[in-house]
Amino acid sequence: MTGISKDVAALLPIEAEIEHQRLAAEIAGHDLRYHQEDAPVISDADYDALRRRLEALEAAFPTLAARAAQQVGAAPSGKFAKIRHRLPMLSLGNVFSVEEAAEFVARIRRFLDWPAEKPLALTAEPKIDGLSLSLRYESRRLISAATRGDGAEGEDVTANIRAVLATTGIPETLPAEAPDIAEIRGEIYLSHADFAAINARQAETGGKIFANPRNAAAGSLRQIDPQVTATRPLRFFAYAWGEMGAMPAGTQSGMVTAFARWGFPTNPLMVLCETPEALATHYRRIERDRPVLGYDIDGVVYKVDDLDLQRRLGFVARAPRWAVAHKFPAEKAVTRLNAIEIQVGRTGALTPVAKLEPITVGGVVVSNATLHNADEIARLDARVGDFVVVQRAGDVIPQVVEVVLERRPEGTEPYGFPGTCPCSLATPVIREATSAGVEGAVRRCSGEFACPFQRIEHLRHFVSRRAFDIEGLGEKQIAFFFDCPVEALRIREPADIFTLERRNDAAFQKIENFEGFGKTSVANLFSAIAARRQIALERFIFALGIRHVGETTAKILARAAGEWPAFEALAKRIAAGDAEATGEMQALDQIGSAVTEAIAEFFSRPEAVSMVDRLVGELTVLPAERPVGESPVTGKTVVFTGSLERMTRDEAKARAESLGAKVAGSVSKKTDYVVAGPGAGSKLDKATELGLRVLTEDEWLALIGG
Ligand code: IVH
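Rules used in this analysis
Residues numbered from 1 in each chain as written. Predicted model: local features only at pLDDT ≥ 70, side-chain atom pairs only at ≥ 80, totals over all residues. Heavy atoms only, no water. 1 Å grid on protein atoms, 1.4 Å probe; cavity = no way out; pocket = protein on both sides within 12 Å on 5 of 7 lines; lining within 4 Å. Points joined across faces, edges and corners; volume = space filled by probe spheres on them. Helix = DSSP H or I, 4+ residues; strand = E, 2+ residues; numbered from the N terminus. Nonpolar A, V, L, I, M, F, W, Y, C, P; charged D, E, K, R; others polar. Axes fitted to C-alpha atoms, helices over the stretch in contact; angles between N-to-C directions. Parallel < 35°, antiparallel > 145°, perpendicular 65-115°, else oblique. Left-handed = near helix turned anticlockwise from the far one by under 90°. Contact = heavy atoms within 4.5 Å. Phe/Tyr/Trp six-rings, centres within 6.5 Å; stacked < 30°, edge-to-face > 60°. Buried < 20%, exposed > 50% of the residue type's maximum accessible area, 1.4 Å probe, protein only. Lys NZ or Arg CZ within 6 Å of the ring centre and 35° of its normal. Expected span 1.5 Å × (residues − 1). Arc of directions from axis to C-beta. Disulfide = S-S within 2.5 Å. Core = buried A, V, L, I, M, F, W, Y, C linked by side-chain atoms within 4.5 Å.

A. Region of interest: empty space enclosed by the protein. Under the definition given, this model contains four cavities of 30 Å³ or more. Here the largest cavity defines a volume of roughly 70 Å³. Taken together, 10 residues line the largest cavity, and the ones lying closest to its centre are Pro13, Glu17, Thr63, Leu64 and Lys476. Elements with a minimum of two residues in the lining of the largest cavity: α1 (13-36), α3 (62-77) and α15 (475-482). For the lining of the largest cavity, a count of residues per class yields four nonpolar, two polar and four charged. In this model, the second largest cavity occupies a volume close to 50 Å³. Lining the second largest cavity are Glu125, Pro126, Ile128, Phe237, Ala238, Tyr239, Val256, Asn267 and Met270.

B. Structural view of the packing of helix α21 (residues 579-586) against helix α22 (residues 593-603). α22 packs onto α21 with a crossing angle of 135° between their chain directions and a minimal axis gap of 9 Å. By the angle between their axes, α21 is oblique relative to α22. α21 and α22 meet at a crossing whose hand is right-handed. Here α21 contributes Thr582, Met585 and Gln586 to the contact with α22, which in turn contributes Ser593, Thr596 and Ile599. Here the residues of the contact of α21 with α22 sort into two nonpolar, four polar and no charged.

C. Examining the packing of aromatic side chains more closely. By the definition in use, this model includes 23 aromatic pairs. On the numbers, 5.0 Å between centres and 85° between planes, the contact of Phe540 with Trp564 is edge-to-face. Here Trp564 lies in helix α20 (residues 564-575) and Phe540 lies in helix α18 (residues 537-543), a separation of 24 residues in the sequence. Residue classification places Phe540 among the buried positions, given a relative accessible area of 0%. Ring pairs connect the aromatic residues Phe462, Phe468, Phe498, Phe540, Trp564, Phe567, Phe602 and Phe603, which therefore count as one cluster. The ring of Trp114 carries the charged tip of Lys118 above its face, separated from the ring centre by 4.1 Å. A cation sits over an aromatic face here: Arg443 above Phe417, 5.3 Å from the ring centre.

D. Highlighting helix α4 (residues 98-112). Between its first and last C-alpha, α4 extends 21 Å over 15 residues, near the 21 Å set by a 1.5 Å rise per residue. Along α4, the residues classified as buried are Ala101, Phe104, Val105, Ile108, Arg109, Phe111 and Leu112. Along the axis of α4, the buried residues cluster in a sector spanning 165°; they form a single face. Positioned one or two residues after α4, Asp113 has a phi angle of 55°, which is positive.

E. How the structure looks around the state of the cysteines. Applying the stated criterion to the full structure yields zero disulfides. No disulfide involves Cys421; its sulfur sits 3.5 Å from that of Cys423, the nearest cysteine.

F. Spatial organisation of the nonpolar core. Ranked by size, the top nonpolar core spans 66 residues in total, and within it Ile497, Leu557 and Ile599 carry the most contacts. In terms of residue count, the dominant contributor to this core is α22 (six residues). By size, the runner-up hydrophobic cluster in this structure holds 36 residues, among which are Leu131, Leu135, Leu142 and Leu190.

Below is the structure:
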């Protein structure tokens, strides 16, 4: 149904807005029928297709999303009360091959400095394709059940879970050995047989047909009426936990064994492995048995068994360092390559996009896929008119992986990558040299700030939700102001946004005179802009649109610098080739040479620097937010030197940064603490010379609380 609609990238903003409004209304209607009246009129697959289309529109036109948050998102979730998770419900990182899984283990060994000969046990268990659930027990009685939600807050589905205690095997009470407070987490799912029976019954009664067991499980759990949920034989596997009054075991496998003792169903396919080879063997075994398990799984999860090691490894963003999902291979489909379009990104990279005959891959309609770059097109020898294999893995953008040469039609021609940017300037395209000196695969428009595509993309990024998030200034308005017929009202760079009101006051032809703008909307726009004259440093750095500086990186950089002038000074030193400054930034956890090189490149362009200066002149950049509360080392600069005995360098750094400290690579007057282990050399000498505080590893641990 939606597969044949026009590709979102090809829509004009106004078309997108109209379609968005129509879709939102349609979805709201279905939500009402489904959730409140329990009488859906379309299949889950069709509903999902509508939602996906809506999401694609919002991804392409971010301003539509803000509106949608009020219109669509609120409706279904309003039915259930919210439960805030005492400990966040996390997600998992993915790997897609045995090699990547081995690299995951190697990374852990490096992080922990775990000797090669010392065994490192990991559990391996199926990744259940259902929905995660957190069950809270107080005084050994079930008191609440919550869905994952956004990880911080889920929906209260206690009544529905109480209706399916029998089929899920979730105990209402726990035995005396369980602690006073226990949160057991795991996956709610439906067996293939029960899923088929539910759909058969739905078909008979003219009810909603579910696309897959996971949707059916989700739909069943999120029923308004627990009586309806009671008719759906949901099942449960326990595999994780949240808050625990006391730990019944010191290992992952021991915890799961305890859960089994307390009466929870646990997956029988969990094993302990001591080598990557053993993980791979178990992965293959589960993959082989997948068709006969009787329920959907989408991979195998590996977790470090020892809970002390789990604690030491900690988390990166929203996923643990100590666990990973080894996903089964992506789903593939064959379809026709109708055209190859070139998209110009914010940084000028030209990305070829395959325009495909729409096709369903793993339950999702795909009509666009990435071809990555010119080399990839040449390697595949992909030609317009070819039949190609498209692959979709998890949430990754679909990609063209192969050409079906046997089905190549007559008269196709090798694709010639354009030598000029598709923008109005037709600027020549360049291939950059990589740091290794070889020609890079990426072609870029050499126009930089002259290329209108890049400027528009840059502005779009600047106003997007995670950056400045200016209400009323979305893609559509950016496009309008960029080429505004009244030159005095144009927005060509971020600073122009903040001078717009002054310019409008002085202009003869005013914004409110243009169609689509009224007095109120203009007033609202100006107040939305004014509200963003104060901006947090992390958002500001992210909004600059520097290559390789995404949200997480921006946050790390902002926290390390604290304030804009400090960040700017460091960035300018890096741009000037100051090795010490570069080292200081690279000493930050997760910051590598790609980031420092991009920062150097950005801050060595005079147009970029003056653009930033003009922008800063209009704003108040607020200091970075401090992470998780204050600690004795918050805001302090630490240098580790010599060998550490209780933890690895990576670990020490991650720990210190999570407490709000800044870890530097070299000693200077600004260093607050130097933690010196055996073998410390020149850095220790310099610290003594400068009269800095030098701590032993144990003193440091005592300072940060063990
Ligand atoms: S462990 C901190 N184990 O996968 C780690 N998750 O992609 C918490 N899932 O939200 C997750 N089977 O819903 C874990 N055996 C398993 C799992 C599993 C399915 C789901 C879970 C989680 C998602 C992460």
